[in-house]
There are 4 protein chains.
Amino acid sequence: LKSSLFFNISDRRRFLTGMAATGAVALFGLPELGKGAAFAQEAGGEPVVVPDTEEQRIADLISCNHVMFDLGLADAMGHPSVRSKNNPSHYYMAQSIATGLVSRDDIVELDENSKKVGPAHMREHGERFIHGEIYRVRPDVQAVVHCHTPEVIPFGVTGTPMRPLLHMAGFLVDGAPVFDVREVKDNGGHDGMLVENTELGRACAQKLGKSAVVLMRGHGMSTVGATVQQATARAWYTYVNAVIALDTQRLGGKPIIINEAEALGRRPGRLPERNWPLWKARADARSARYIEEYKKTGVVPMPPRSSLRE
Amino acid sequence: LKSSLFFNISDRRRFLTGMAATGAVALFGLPELGKGAAFAQEAGGEPVVVPDTEEQRIADLISCNHVMFDLGLADAMGHPSVRSKNNPSHYYMAQSIATGLVSRDDIVELDENSKKVGPAHMREHGERFIHGEIYRVRPDVQAVVHCHTPEVIPFGVTGTPMRPLLHMAGFLVDGAPVFDVREVKDNGGHDGMLVENTELGRACAQKLGKSAVVLMRGHGMSTVGATVQQATARAWYTYVNAVIALDTQRLGGKPIIINEAEALGRRPGRLPERNWPLWKARADARSARYIEEYKKTGVVPMPPRSSLRE
Amino acid sequence: LKSSLFFNISDRRRFLTGMAATGAVALFGLPELGKGAAFAQEAGGEPVVVPDTEEQRIADLISCNHVMFDLGLADAMGHPSVRSKNNPSHYYMAQSIATGLVSRDDIVELDENSKKVGPAHMREHGERFIHGEIYRVRPDVQAVVHCHTPEVIPFGVTGTPMRPLLHMAGFLVDGAPVFDVREVKDNGGHDGMLVENTELGRACAQKLGKSAVVLMRGHGMSTVGATVQQATARAWYTYVNAVIALDTQRLGGKPIIINEAEALGRRPGRLPERNWPLWKARADARSARYIEEYKKTGVVPMPPRSSLRE
Amino acid sequence: LKSSLFFNISDRRRFLTGMAATGAVALFGLPELGKGAAFAQEAGGEPVVVPDTEEQRIADLISCNHVMFDLGLADAMGHPSVRSKNNPSHYYMAQSIATGLVSRDDIVELDENSKKVGPAHMREHGERFIHGEIYRVRPDVQAVVHCHTPEVIPFGVTGTPMRPLLHMAGFLVDGAPVFDVREVKDNGGHDGMLVENTELGRACAQKLGKSAVVLMRGHGMSTVGATVQQATARAWYTYVNAVIALDTQRLGGKPIIINEAEALGRRPGRLPERNWPLWKARADARSARYIEEYKKTGVVPMPPRSSLRE
């Protein structure tokens, strides 16, 4: 994180201009820039803004891996990615390693066909096609989070619609379609449940459509965002909303669903800002300890390649 | 906390007189002082009492932020406040920052209209109006806790009454009314689900009425107390009671609800005393580490102001 | 723990004789000594036995306080006790302080009427009568654990019988009667839900009868044991059994209940031995940190006596 | 772990040849070696492979004990084992001690009849017969994990079939038969619920059959694997699948079960690789602290042998 550049501004116009100049708009996802500016006019203080650089995106990606494990979104499995800023048809992911152990040395660059650019000695994730095919059809998406959070699975396997019950999950008004690998006709001859080729990745991206999250039957979910932070927060609040929906089912009665107008206040670009610094601080510190312990044993037992299919 | 003053007393009359003199009554909320005094007559020992000073209130507010995160009442979001002792129409909150990261440098003073008094460079919470409007109509309230605890949400979205099943949640005999932002006619033109202006804050405070807690549909809850400790404990036991109620629903049968006479032993002023020192010790220690880690990175990535709406 | 004495034996006969001589039988609760001896004959190795001294009982009591918090049986509230070995009509508890913060300095001695023997400056728990009245009518009981574990409450408030579904909860074949404070005719004029006088304590002990656990409606549970370890493990496995019973309810169908013959292998004296050293190691270490933090602030904010009713 | 040998290879043919030479095939369980090789052909990089030695198996066994506690599969009880590589009719387990406290000094060797080979002073687990009788009839099994995870119990006590809902639990397509000690005719005269003799062990192994997991009514589960890592991951994903199945029940509707073709991608040899290094790093570090604390008190209170029945 040392290589990142930061700047302070107190003038809001200069601030927003500066954002556009440095690409911070893309980083934080501000489709409603006008509205944001209007709001900013009413506020005061001196925001600290992180410019949107290649290294900052990678730093966020590493922290996201840690946060996913620390929040329990991932039990060790799962993988996030971030689009390259310098070469927007490419993206970055960790190599095939547990989320909580990812460090700068594990980052892989992939091209528009999810083919590894490098480093040569790394093993990329078999399911990178989820990420690559979403980036292809969703230019607004800068980050993808894929995980297997248990509480979300029941919605995928029963087809019960996941509808927003919490303001923080307002993005669910756009729906959470269910991708079922069993229904994919053109699967490139792949069996099993993993999205391990272009055909399955494409089908998954199509199912996602314009939504913020796609549920995957018997598998998990993938969320997208204008930033790593937003994709992470969307995975978290999809999980929280699932817990609430399951408990609501228990209470009985007809729940009041959050509607389009209500959700507006929670749309792209405004979700994760307050959570992230705390989530990151705790998760990075804990992962630092796991990584230290992991390296302590000299060489960590690693199964043969043939076992590393997923 | 160094700036706090403490004193020991062994004589109970002197103790209660001392309390009144230093304002400890206000701090610990003793509406039934006579009863308390009678009880105190039967007890022995040397209590240590914290005088109710402005700085002690702020110290409690900071710890409350940490406790909310540490107990899982808040996932990082949420915000407590405390009424100013020196200027009771004003109150204090943290600026817009995650609960677990709050330190003395983050405290904002707000006036009777929830307008920031200072410091000038800080960003206040958009939902400060929940707090300000409750202080306006409830002079007995010295502290407010607002959070999004998932297990509480199902009661708000289904309208199932939250009734007390545990002695520690006896305060729920006064009811837990549901505030639904959708039903507010005079909303000052605000859309979305957040209580971000005076009109919505007023409606929320009216819904609370004389209760200890107001549920907020699709959003969370706000609890009040005669002290920060009490408002915190009420949020905790509303959560615990929600868990019990959900599980009771599963078992079936008609549960025995705690009645007015039974709840009396759990009313204002007597809740949080034994929990607080442990909750505070653990949460403050952990937050100290998060804050250390958070500051370690030099400047923490912070999104532009326009993203900081809630 | 330094003051405890330990001894090693390899001869099983000498071991069991030694136990009787030092009182270890009482400590570890071996009603079926003959069976135990027969089993021991078949085994080998060198057990380390802790003699049953006054200080060892108090050390176990302190660790039990920590374990209750660390396992989540207590949210800070709750209180265990142990019978005095030297004066079996007396017993020990912590003063009125959160479980996770208890240290040697907090231990109070109470007499057969739950009147404090000393130290003079300490505040005893209002609900000590639960403990004192059980010790009066159950000479086999050496320890009592009282807590408010949420998952157990639904059984008390609905009257659904808690029946054993897990071998570790085999002690539930003796039943888990429900004490309801509302049903006590001779309550000494006490209102509220707390067991704060002899009359209510007596009614609670009568409801317990010969069982290992008494559920308390809208309040929690109290478990008993031949040792502190056993009373703790019974609270833990009553909790685990409650979780299993709630989930079993969800699955539907008629569950197979553990019967008398099956439970025999889990009866008094054999429960907690393997769990305790790990539970204790983790909990004592964590509590040491909480206590350190708690004392760091100089004087810990403590509410006036009149607030310390429960 | 210092005594382990590792080697790096970049040539995949040499790698697979090397594996066979060192026994790594047995360690990581590669029944579909051809398929694995084919996959490996497509991949790149330099895997680090741990040869399958006696000491590496024991090291994995120790870590497995820690992981079981750290993941909450075990509350302290439970026990894993690993088959001896040098003498495949023998196997290793910890002595009768809590999972989270196991160190190299606690390892016991048992023969084909589950009779202790040594060390002489150690107390073996009463339920070692679960392990020994599975090894006898399942030569493909190199490791067994036995635990009491609460969420799994409802399936055993109600007979509701546990069917795979998550890809990671694809091994459940082979079924999860329920062993009920009550139904065993030839039980060697043993009462209670514990599998403490050859007859009960044999009945349990017969019920397991060719499956990956056997549920044990009112008791828990036992899972098997081609490696310690796989048996651990199967216990974990049986637990996760149980949570998903319970929640799915709540949602209602008819869930889509993972079928044979879909499960294929998750079959023997491919499960635990990515999780293990993180699970191990965190669990070993934590257990190191528990063990340190446990030894700090000089001698840890240990009940008499007769209490150590299970």
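> Explain the overall build of chain A here, please?
The helix and strand tally for chain A stands at ten helices and ten strands. For chain A, buried positions account for 68% of its 310 residues. Considering only contacts in chain A between residues 6 or more positions apart, those separated by 24 or more positions represent 69%. Element-wise, carbon and sulfur atoms account for 53% of the exposed surface of chain A, whose accessible area totals about 10,000 Å².

> Before we go on, may I ask you to explain the packing of aromatic side chains in this structure?
The description of an aromatic ring pair uses the distance of the two centres, along with the angle that the planes make with each other. All names here are of chain C. Under the definition given, this model contains 16 aromatic pairs over all chains. When the ring of F69 is compared with that of Y290, the centres are 5.9 Å apart and the planes differ by 85°; the resulting orientation is edge-to-face. Residue F69 is found in helix α4 (residues 54-70), and its partner Y290 is found in helix α10 (residues 275-296); the two are separated by 221 residues along the sequence. The pair formed by F69 and Y290 is uniform in burial state, with each residue classed as buried.

> Would you mind going over the packing of helix α5 (residues 128-137) of chain C against helix α7 (residues 198-208) of chain C with me for this structure?
Packed helix pairs are specified by the crossing angle of their axes together with the interaxial distance, meaning the distance between the axes. All names here are of chain C. One can describe the packing of α5 onto α7 by two numbers: an axis separation of 8 Å at closest approach and a directional angle of 55°. The orientation of α5 relative to α7 falls into the category oblique. Viewed along their axes, α5 and α7 form a crossing whose handedness is right-handed. Facing F129, I130, E133, I134 and V137 of α5, the residues of α7 in contact are T198, G201, R202, A205 and L208. The residue makeup of the contact of α5 with α7, split by class, is six nonpolar, two polar and two charged.

> When you look at the sheet that holds strand β3 (residues 79-83) of chain C in this model, what are you seeing that I'm missing?
Two pairing modes exist for strands in a sheet, parallel and antiparallel, and in both the strands are linked by backbone hydrogen bonds. All names here are of chain C. Read from one edge to the other, the open sheet built from eight strands follows the order β6-β5-β4-β3-β7-β10-β9-β8, with strand pairing classed as mixed. Since the sheet does not close on itself, it has two edges, and those belong to β6 (116-118) and β8 (178-179), each with one partner. Bridge analysis of strand β4 (residues 91-94) against strand β5 (residues 107-110) gives four bridges, and the strand direction is antiparallel. Of the residues in β5, the one forming a bridge with Y91 is L110. Contacts between helix α8 (residues 228-251) and the sheet are confined to β3, β7 (143-147), β9 (213-216) and β10 (220-225), with β10 contributing the most and set at about 140° to the helix.

> How should unusual backbone geometry be read in this particular structure?
Comment: phi is negative for the bulk of residues other than glycine, and the bulk of peptide bonds are trans. Residues and elements named next belong to chain A. With an omega dihedral of 0°, the bond running from G118 to P119 counts as a cis peptide bond. Structurally, the position occupied by P119 is in the loop between β6 (116-118) and α5 (128-137). Within the chain, A76 stands out as a residue other than glycine whose phi angle is a positive 140°. As for its position among the elements, A76 is in the loop between α4 (54-70) and β3 (79-83).

> So what exactly am I meant to see when it comes to the pairing of strand β7 (residues 143-147) of chain D here?
Within a regular strand, the side chains alternate between the two sheet faces. Residue and element names in this part refer to chain D. When you tally the buried positions in β7, you get five out of five residues, the bulk of the element. Side chains of β7 alternate between two faces, with A143, V145 and C147 and V144 and H146 buried alike. Two strands pair when backbone bridges link them, and strand β3 (residues 79-83) and β7 are joined in this way by four bridges, in the antiparallel orientation. Residue pairing in the sheet places P80 in a bridge with V145 of β7. The pairing of β7 with strand β10 (residues 220-225) spans five bridges and is classified as antiparallel.

> Would you take a moment to explain the sheet that holds strand β10 (residues 220-225) of chain A for this structure?
Residue and element names in this part refer to chain A. One open sheet holds the eight strands; their spatial order is β6-β5-β4-β3-β7-β10-β9-β8, and the pairing between them is mixed. Looking along the sheet, the strands with just one partner apiece sit at the ends: β6 and β8 (178-179). Where strand β9 (residues 213-216) meets β10, four bridges bridge the pair, whose relative direction is antiparallel. Across the sheet, V214 pairs through a bridge with S222, a residue of β10.

> I keep staring at the confidence of the model for chain A and nothing clicks. Help me out?
A low pLDDT score tells you not to read the predicted coordinates there in detail. All names here are of chain A. Per-residue confidence for chain A gives a mean pLDDT of 81, with 77% of residues at or over 70. Ignoring residues within four places in sequence, the model shows residues 1-47, a span with pLDDT below 50, making 112 contacts including any to other chains. Low pLDDT (under 50) marks residues 299-310, which in the prediction has 66 contacts with non-local residues, meaning those over four places away or in another chain. Scored as a whole, the predicted complex attains pTM 0.86, and scored at its interfaces, ipTM 0.84.

> How should a positive patch on the surface be read in this particular structure?
A cluster of basic residues, R289 of chain A, R289 of chain B, R289 of chain C together with R289 of chain D, forms a positive patch at the surface. Position of R289 of chain A relative to the elements: it lies in helix α10 (residues 275-296). When its relative accessible area of 49% is taken as the criterion, R289 of chain A is described as partly exposed.

> How should the pattern of salt bridges be read in this particular structure?
Side-chain pairing between opposite charges can occur once the charged atoms of the two side chains come close. Per the counting criterion, the structure on display carries 64 salt bridges over all chains. Note that K116 of chain A and E124 of chain A form a salt bridge whose closest N and O atoms lie 3.8 Å from each other. You can call K116 of chain A buried: its relative accessible area is 18%. Here E124 of chain A falls in the partly exposed class, since its relative accessible area comes to 23%. Of the charged contacts, one joins D247 of chain C and R250 of chain B as a salt bridge, the two residues approaching to 3.0 Å between their closest N and O atoms. Taken together, the positions of D247 of chain C in helix α8 and R250 of chain B in helix α8 (residues 228-251) put the pair across two chains.

> Any chance you could explain the packing of α4 of chain A against helix α8 (residues 228-251) of chain A here in plain terms?
Residues and elements named next belong to chain A. Running from amino to carboxyl end, α4 crosses α8 at an angle of 20°, the nearest separation of the two axes being 9 Å. Judged by the angle between their axes, α4 and α8 are roughly parallel. Of the two elements, α4 crosses α8, and the hand of that crossing is right-handed. Contacts between α4 and α8 involve R57, D60, L61, C64 and V67 from the first element and V228, Q229 and T232 from the second. Looking at side-chain class alone, the contact of α4 with α8 contains four nonpolar, two polar and two charged residues.

> How should I be thinking about the pairing of strand β10 (residues 220-225) of chain B in this particular structure?
Burial of β10 of chain B is extensive: six of the six residues sit out of reach of the surface. Connecting strand β9 (residues 213-216) of chain B to the next strand, β10 of chain B, in antiparallel fashion are three residues, including G218 of chain B with a positive phi near 65°.

> Even after reading the chapter, I still don't get the environment of A231 of chain D, so can you show me in this structure?
Residues and elements named next belong to chain D. Mapped onto the secondary structure, A231 falls in helix α8 (residues 228-251). For the pair A231 and M122, spaced 109 residues apart in sequence, the C-alpha to C-alpha distance is 25 Å. Ignoring anything within four residues of it in the chain, the contact list for A231 reads A143, V144, V145, T223, V224 and G225.

> When you look at the state of the cysteines in this model, what are you seeing that I'm missing?
In a disulfide, the sulfur atoms of two cysteines are covalently bonded to one another. In this structure the tally under the stated criterion is zero disulfides over all chains. C64 of chain A takes part in no disulfide bond, and the closest cysteine sulfur, belonging to C147 of chain A, lies 8.9 Å away.

> When you look at helix α7 (residues 198-208) of chain A in this model, what are you seeing that I'm missing?
Each α-helix winds once per 3.6 residues, and so residues spaced three or four apart point in a common direction. Residues and elements named next belong to chain A. Taken as a whole, α7 has its buried residues at L200, G201, A203, C204, A205 and L208. Residues of α7 that are buried sit in contact with α5, β8, β9 and β10. The backbone nitrogen of E199 has a side-chain oxygen 3.3 Å away, supplied by the residue at the start of α7, namely N197. Where α7 ends, the next residue or the one after it, G209, has phi of about 60°, a positive value.

> When you look at the side chain of Q142 of chain A in this model, what are you seeing that I'm missing?
As for its placement among the helices and strands, Q142 of chain A is situated in the loop between α5 and β7 (143-147). At 3.5 Å, the side chain of Q142 of chain A forms a polar contact with the backbone oxygen of P139 of chain A.

> Any chance you could explain the environment of Q249 of chain B here in plain terms?
Locating Q249 of chain B in the fold gives a position in helix α8. According to the relative accessible area criterion, Q249 of chain B is partly exposed, its value standing at 39%.

> Explain the environment of A74 of chain B to me, please; I cannot follow it from the model alone.
Residues and elements named next belong to chain B. Mapping A74 onto the fold places it in the loop between α4 (54-70) and β3 (79-83). Looking at A74, the relative accessible area reads 6%, which means it is buried. In sequence terms A74 and F171 are 97 residues apart; their C-alpha atoms lie 21 Å from each other. Apart from residues no more than four positions distant in its own chain, A74 is found in contact with M68, F69 and T99.

> When you look at the side chain of T248 of chain A in this model, what are you seeing that I'm missing?
Here T248 of chain A is to be found in helix α8. With relative accessibility at 4%, the residue T248 of chain A sits in the buried group.

The rules behind each value
Residues numbered from 1 in each chain as written. Chains lettered and ligands numbered in written order. Predicted model: local features only at pLDDT ≥ 70, side-chain atom pairs only at ≥ 80, totals over all residues. Heavy atoms only, no water. Helix = DSSP H or I, 4+ residues; strand = E, 2+ residues; numbered from the N terminus. Buried < 20%, exposed > 50% of the residue type's maximum accessible area, 1.4 Å probe, protein only. Contact = heavy atoms within 4.5 Å. Areas by Shrake-Rupley, 256 points an atom, 1.4 Å probe, with all protein chains shown as cover. Phe/Tyr/Trp six-rings, centres within 6.5 Å; stacked < 30°, edge-to-face > 60°. Axes fitted to C-alpha atoms, helices over the stretch in contact; angles between N-to-C directions. Parallel < 35°, antiparallel > 145°, perpendicular 65-115°, else oblique. Left-handed = near helix turned anticlockwise from the far one by under 90°. Nonpolar A, V, L, I, M, F, W, Y, C, P; charged D, E, K, R; others polar. Pairing = 2+ DSSP bridges. pLDDT = per-residue confidence, 0-100. Patch = residues over 30% accessible without salt bridge, like charges linked within 9 Å, V, L, I, M, F, W, Y side chains within 5 Å. Salt bridge = Lys/Arg side-chain N within 4 Å of Asp/Glu carboxyl O. Lys, Arg positive; Asp, Glu negative; His and termini not counted. Charge placed at Lys NZ, Arg CZ, Asp CG, Glu CD. Disulfide = S-S within 2.5 Å. Polar contact = N/O pair within 3.5 Å; in protein donor to acceptor, adjacent residues only side chain to side chain.

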